[in-house]
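Inside the fold
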Amino acid sequence: MSSASVFVSEVNLARAVVVAVRAIPGVVDVSPGLFAEAATYGPGERVTGVVVSRVGGALDIQVHVCARYTDSLVLPELAARVRIAVRQSVEALGAGPLALIGVAFDDVCVEGELSA
Amino acid sequence: MTVFNRVLIILLAIVLLVATGAVLLTTLGVSQPAQLAPAPWFADRLVPFTQLDPMLFDWTVGASAVLFLVSLALLVIELRPERRAAPRITLKQDGLGRVTVARDGVRELSDREAGRIAGVMSARSQVEEAPTGLRIQCRISVDPARSVPEMSQELQERLKAVVEHHLGLPVAQVSVDAQVAPLPSDRRPHRRVQ
């Protein structure tokens, strides 16, 4: 198998990462950011919750999430699952080398409060 | 210190700085009163400092220099930006980047856990990072029929255990401040993901 990467736009990559992160048990949703909007911008569109940028050809991905509050919640473990999901998304798209995967928990949400 | 007090001190420091600076320059003969003060009122006040006897000269220069430095120090202290707690707590930093959690999220987690303890009516927490671990200050409103020492001990143990479990960071200190009166509802509204 070739290890060469294909060019995938930042917005397309961000969209794939959002889908992957939302599917992780323990993640309620991606978060739009607390102090500044966390989003990836493309021509005429934006994807909130994930910031994809390229530094020297390598990808820098910052994911903002809202975690589901349960007794079993362990944020570092959830962050590790988010990183794995991001890495798998990038590899599935063949989008290129990954430099950084930052995870920011913007909120810890309780199930009852979410449905209220 | 309130904003009003702060503005007042800044204004006084500026006035003192200008006045003592002008007196110093005039006394030392560096400038003439008319050059320093376009307003005749202020220039007239500076004229006596142009012809001082040696004794008064020394006293004037010494006192003006001290006041000038004091006002300068006051101005610097008051204009220095306040140290604010970082809005995020770093859970982990490695070659892949940082994992952080919003400080408000940790506070709410702490408040929620405190509220689960029987006898705690409401809770407000503050979380700070220290070199040895997190420091949690929890203010609680309690049921007067319950034992406050027992409740406080349970709260300390629970908060330490829960925060360490959820965040994976050591908790160095949990301080509890209990009161019977209800807590003021001064916390800003919670932001939720839609």
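In this text, all values refer to a predicted model and were calculated from it rather than measured experimentally. Think of each chain on its own: its residues are numbered from 1, step by step along the sequence as written. The order in which chains are written sets their letters, starting at A; the order in which ligands are written sets their numbers, starting at 1. Where totals are concerned, whole chains, interfaces and linings use all residues; where local detail is concerned, this predicted model gives features only for residues with pLDDT of at least 70, and gives and counts side-chain atom pairs only at 80 or more.

1. Observations concerning the confidence of the model for chain B
Residue and element names in this part refer to chain B. What counts here: As a per-residue quantity, pLDDT reports the predictor's confidence and falls between 0 and 100. Segments assigned H or I by DSSP are reported as helices when at least four residues long, segments assigned E as strands when at least two residues long, and all are numbered from the N terminus. Whether two residues are in contact is decided by their C-beta atoms, placed from the backbone, lying within 7 Å.
Averaged over every residue, the pLDDT of chain B is 86; the share at 70 or more is 91%. Confidence, read as mean pLDDT per element, is least for helix 2 (residues 33–36) in chain B (80) and greatest for strand 2 (residues 97–102) (94). The low-confidence segment residues 190–194, where pLDDT is below 50, has seven contacts with residues more than four positions distant or belonging to other chains. For this predicted complex, the interface score ipTM comes out at 0.87, while the overall pTM is 0.67.

2. Description of the sheet that holds strand 5 (residues 171–179) of chain B
By definition, the strands of a sheet pair up through backbone hydrogen bonds, in either a parallel or an antiparallel sense. Residues and elements named next belong to chain B. As a reminder, the rule being used: We treat two strands as partners when DSSP finds at least two bridges between them. Throughout, an axis means a line fitted to C-alpha atoms (over the contacting stretch in the case of helices), and angles, computed between N-to-C directions, take values from 0 to 180 degrees.
On the basis of which strands lie adjacent, the open sheet formed by three strands has the order 3-4-5 and mixed pairing. With one partner strand each, in any of the chains shown, strand 3 (120–130) and strand 5 form the two edges of the open sheet. Each strand of the sheet is rotated relative to its neighbour by a mean of 15 degrees, with strand direction disregarded. As paired strands, strand 3 and strand 4 (residues 133–142) are joined by ten bridges and run antiparallel to one another. Of the residues in strand 4, the one forming a bridge with Ser125 is Cys138. Across the face of the sheet, helix 5 (residues 103–115) comes into contact with strand 3 and strand 4 while running at roughly 145 degrees to strand 3. With respect to the sheet, helix 6 (residues 148–167) is in contact with strand 3, strand 4 and strand 5, its orientation differing from that of strand 5 by roughly 145 degrees.

3. Overview of the interface of chain A and chain B
This is how it is decided: Put simply, Ala, Val, Leu, Ile, Met, Phe, Trp, Tyr, Cys and Pro go in the nonpolar bin, Asp, Glu, Lys and Arg in the charged bin, and everything else, Gly too, in the polar bin.
Between chain A and chain B, the residue contacts involve 22 residues of the former and 20 residues of the latter. Within the residue set of the side of chain A that touches chain B, elements represented by two or more residues are strand 1 (27–30), helix 2 (75–93) and strand 6 (98–109) of chain A. Ranked by residue count, the leading element in the side of chain A that touches chain B is strand 6 of chain A, at ten residues. Counted by class, the side of chain A that touches chain B contains 16 nonpolar, two polar and four charged residues.

4. Structural notes on helix 6 of chain B
Residue and element names in this part refer to chain B. The line we're drawing: A helix is expected to span 1.5 Å multiplied by its residue count minus one. Neighbour counting defines burial: a residue surrounded by 20 or more other C-beta atoms within 10 Å of its own C-beta is buried, one with 12 or fewer is exposed, and intermediate counts give partly exposed, using backbone-placed C-beta atoms. It is the directions from the helix axis to the C-beta atoms that the arc portrays.
End to end, helix 6 covers 27 Å across 20 residues, agreeing with the expected 28 Å (1.5 Å per residue, within 8%). For helix 6, the complete set of buried residues consists of Met151, Ser152, Leu155, Leu159, Val163, His166 and Leu167. Seen along its axis, helix 6 keeps its buried residues to an arc of 95 degrees; they face one direction. Opposite the buried face of helix 6, at more than 90 degrees from it, the exposed residues are Pro149, Glu150, Gln153, Glu157 and Ala161.

5. Here we look at the environment of Gly168 of chain B
Relative to the helices and strands, Gly168 of chain B is located in the loop between helix 6 and strand 5. On the neighbour-count criterion, Gly168 of chain B (15 C-beta atoms within 10 Å) is partly exposed. On a C-alpha basis, the gap between Gly168 of chain B and Lys92 of chain B in space is 9.0 Å, while along the polypeptide they are 76 residues apart. Leave out the neighbours within four places in its chain, and Gly168 of chain B touches Val74, Leu75 and Pro76 of chain A together with Leu91 of chain B.

6. A closer look at the pairing of strand 4 of chain B
Residues and elements named next belong to chain B. Selection criterion: Crossover handedness is defined here as right-handed if the route from the first strand over the helix to the second strand goes clockwise, with the strands pointing away from the viewer.
Counted between consecutive antiparallel strands, the loop separating strand 3 from strand 4 contains two residues. Direction of pairing for strand 4 relative to strand 5: parallel, over a ladder of eight bridges. The residue bridging Leu134 from the neighbouring strand is Val171, located in strand 5. Handedness of the β-α-β unit built from strand 4, helix 6 and strand 5 comes out right-handed.

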